[in-house]
Amino acid sequence: VTGKGMTPPRKILFPPEKICMDWRQKRRPGAGLYNFGSTCYLNVILQCLTYTPPLANYLLSRQHSRFCSQQGFCMMCIMEAHVRKVLYSSASVIRPRAVIRDLKCKQFQVLRQVFFSSLKGELLTPFLVIGEFKPDIPGDAYEFLRCTLNAMQKACLSGSNDLDVSSQETTIIYQIFGGFLRSRVTCLSCKTVSDFYKVFLDVLLKIKGASSLTTALEYFVTPKDMDGKKCFKCSKCKKKVAVTKMITVHRVPRVLTVCLGRADDRTSKKLSQVVEYPEFLDLRPYTSDPDGEPLLYSLYAVVVHTGHTCLGGHFFCYIKASNEEWYKMNDVSVESCDIHTVLGQQAYLLFYAR
C-alpha cells in the first residue's frame, strides 16, 4: 500500500487541546436576523455558525481580534463581532448589515468564484450567476457556508508566511471542521493498492434514491468500479489501468457538516424527498477502520430549504442552543420546538458535533 497526502505539519497554529466542545456559558437563545430581501440563505449559516459550540467559544473569547493585524476585510473579526452581538444583545432581532456590507469585498468574491468553479452543478442552486452577494438576489446556503469558512481560514493565516500545506490545515477552523478522507484505489490488473488522503471541511452526499442519511453514507463509502475507464496510472503496471475506488473517512472532524445534494445531476431539478437523519450518528461504519469503537456525533443544527425548484424558495433552520433546547429560526422569528419536529424536516445541511 502506498499513501500520499498526509504529511505531518511542521507547525501547529492552534493547539487542539485548547478547543472546548461544550458551551462555556449557558444562556437563552440569541436574536433573530432581519432578511434584507433574499438573505435567508445567509441568515441560516450565520445562525448555524453562531451555535457551533467550539467556534462560538473561540469567537466570544476575542482571541483573534486581540492580535489581528489584517487591514480591511477580515472574516474572523466580522464573525466575532456578529456572534457577540447575537448572543449578548437584548434585542430580539439583529440586522446583520456589517456582514452583508463586507461580503461585497473583492477578496470574498474571489473565494466564491473559486468554490463555485470546483462544485458547479452540485449545489442546491446550480445556476446562480457569479457576482456579488446581493440582498435582493437569492443565494445558496451551502455555497455561503463554504465561502465563509474559507474566508475565516484565510484570516487565520494572515501574517503567517512560508507555511507548508499541512501546517495551514491546523488553524482553529480546520481543527474544528476539518477531517481527512482516504481514497483507496485498487488496480484491477495487479491488485496493487494506492491510498490518497485529502482534507475536508464537509461531506457532500448524493441522495437520489436514498431514504436516509445512513443509506447515503453507505453509498458514499461503497467501492466504485471504474473498469470502463483506464484513468489511473498504476505504479506497478507502469501504465493506465482500470481500477476500483473506495472513499472512507480516515480522520474524523470534531464537527461534521453534511450537505444533502438536492440538485439532480442530470436535470438540475430539486430532489424533494425526505431523507431521514438521526439525532445521534455513529460515524464509525464509514471510516477506514469500521470495526473500532463507536464514533458518536450529536445533531445541533439543521438547514431546511422549502420550494419546488432550486432557483427559488426559502431557507430556515433549527438550532440547539446552549440551554440544550431546540429552536426554529426563520429570519426574525425564533420559536421553541421539540426534537421530533427537527427530525421530520426536508433537510439540506446537517451539523453534528462529537
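Residues numbered from 1 in each chain as written. Predicted model: local features only at pLDDT ≥ 70, side-chain atom pairs only at ≥ 80, totals over all residues. Heavy atoms only, no water.

- Under an unreviewed UniProt entry, the name given to the protein chain is UBP42 hydrolase, and the organism recorded is Certhia familiaris.

## Things to note about unusual backbone geometry
Turning to step 1, where the next piece is worked out: Backbone geometry at Glu 324 places phi at a positive 70°, although glycine is not the residue there.
Turning to step 2, where the next piece is worked out: In this fold, Glu 324 is placed in the loop between β14 (314-320) and β15 (326-330).
Turning to step 3, where the next piece is worked out: Taking the relative accessible area as the measure of exposure, Glu 324 reaches 44% and is therefore partly exposed.
Turning to step 4, where the next piece is worked out: A positive phi angle, close to 55°, is found at Asp 331, a residue other than glycine.
Turning to step 5, where the next piece is worked out: With respect to the secondary-structure elements, Asp 331 resides in the loop between β15 and β16 (333-337).
Turning to step 6, where the next piece is worked out: Judged by its relative accessible area of 13%, Asp 331 is buried. (Helix = DSSP H or I, 4+ residues; strand = E, 2+ residues; numbered from the N terminus. Buried < 20%, exposed > 50% of the residue type's maximum accessible area, 1.4 Å probe, protein only.)

## Notes on helix α3 (residues 75-88)
Turning to step 1, where the next piece is worked out: The terminal C-alpha atoms of α3, which comprises 14 residues, lie 20 Å apart, in line with the 20 Å expected from a rise of 1.5 Å per residue.
Turning to step 2, where the next piece is worked out: Those residues of α3 that fall on the buried side of the exposure criterion are Met 75, Met 76, Ile 78, Met 79, Glu 80, His 82, Val 83, Val 86 and Leu 87. (Expected span 1.5 Å × (residues − 1).)

## Details of the packing of helix α2 (residues 53-60) against α3
The angle between the axes and the distance between the axes are what describe a pair of packed helices.
Turning to step 1, where the next piece is worked out: Following both chains from N to C, one finds α2 and α3 inclined at 100°, their axes separated by 9 Å at the closest point. Here α2 lies roughly perpendicular to α3, going by the angle between them. Touching Tyr 58, Leu 59 and Leu 60 of α2 are Met 76, Met 79, Glu 80, Val 83, Arg 84, Leu 87 and Tyr 88, all from α3.
Turning to step 2, where the next piece is worked out: Per-class residue counts for the contact of α2 with α3 are eight nonpolar, no polar and two charged. (Axes fitted to C-alpha atoms, helices over the stretch in contact; angles between N-to-C directions. Parallel < 35°, antiparallel > 145°, perpendicular 65-115°, else oblique. Contact = heavy atoms within 4.5 Å. Nonpolar A, V, L, I, M, F, W, Y, C, P; charged D, E, K, R; others polar.)

## Digging into the environment of Ala 301
Turning to step 1, where the next piece is worked out: Here Ala 301 lies in strand β13 (residues 296-306).
Turning to step 2, where the next piece is worked out: For Ala 301, a relative accessible area of 0% corresponds to the buried category.
Turning to step 3, where the next piece is worked out: Each C-alpha atom of the pair Ala 301 and Leu 49 lies 9.1 Å from the other, and the pair is 252 residues apart in sequence.
Turning to step 4, where the next piece is worked out: Each residue touching Ala 301, except ones within four places of it in the same chain, is listed here: Cys 48, Tyr 318, Ile 319, Trp 326, Leu 349, Leu 350 and Phe 351.

## With respect to the pattern of salt bridges
Turning to step 1, where the next piece is worked out: Counted by the stated rule, this structure contains five salt bridges.
Turning to step 2, where the next piece is worked out: For Lys 26, the salt bridge goes to Glu 324, with nearest N and O atoms at 3.9 Å. In this pair, Lys 26 sits in the loop between β1 (2-4) and β2 (32-33) while Glu 324 sits in the loop between β14 and β15, placing the two residues 298 residues apart along the sequence.
Turning to step 3, where the next piece is worked out: Across the pair Asp 289 and Arg 284 runs a salt bridge, and its minimum N-O distance is 3.9 Å.
Turning to step 4, where the next piece is worked out: Since its relative accessible area comes to 44%, Asp 289 is described here as partly exposed.
Turning to step 5, where the next piece is worked out: Members of the salt-bridge network, linked through shared partners, are Lys 26, Lys 320 and Glu 324. (Salt bridge = Lys/Arg side-chain N within 4 Å of Asp/Glu carboxyl O.)

## Some remarks on helix α1 (residues 40-50)
Turning to step 1, where the next piece is worked out: For α1, a buried count of eleven out of eleven residues is recorded, marking the element as mostly surrounded by other parts of the structure.
Turning to step 2, where the next piece is worked out: Inspection of α1 places Cys 40, Tyr 41, Leu 42, Asn 43, Val 44, Ile 45, Leu 46, Gln 47, Cys 48, Leu 49 and Thr 50 among the buried residues, and these make up the whole buried set.

## Digging into the packing of α1 against helix α6 (residues 141-156)
Turning to step 1, where the next piece is worked out: Taken N-terminus to C-terminus, the directions of α1 and α6 make an angle of 50°; their axes are 9 Å apart at the nearest point. The pairing of α1 with α6 is recorded here as oblique in orientation. Of the two possible hands of crossing, α1 and α6 adopt the one that is right-handed. On α6, the residues touching Tyr 41, Leu 42, Val 44, Ile 45 and Leu 49 of α1 are Ala 141, Phe 144, Leu 145, Thr 148 and Leu 149.
Turning to step 2, where the next piece is worked out: Among the residues forming the contact of α1 with α6, the class breakdown is nine nonpolar, one polar and no charged. (Left-handed = near helix turned anticlockwise from the far one by under 90°.)

## A look at the packing of aromatic side chains
Turning to step 1, where the next piece is worked out: Across all of its chains, the model carries eight aromatic pairs by this definition.
Turning to step 2, where the next piece is worked out: Note on Phe 14 and Tyr 58: the rings are 5.5 Å apart at their centroids and 90° apart in plane angle, and the pair reads as edge-to-face. Separated by 44 residues along the polypeptide, Phe 14 in the loop between β1 and β2 and Tyr 58 in helix α2 bring together distant segments of the chain. As far as burial versus exposure is concerned, Phe 14 and Tyr 58 are alike and both buried.
Turning to step 3, where the next piece is worked out: Here the basic side chain of Lys 224 rests over the ring of Tyr 219, its NZ or CZ set 4.4 Å away from the ring centre. (Phe/Tyr/Trp six-rings, centres within 6.5 Å; stacked < 30°, edge-to-face > 60°. Lys NZ or Arg CZ within 6 Å of the ring centre and 35° of its normal.)

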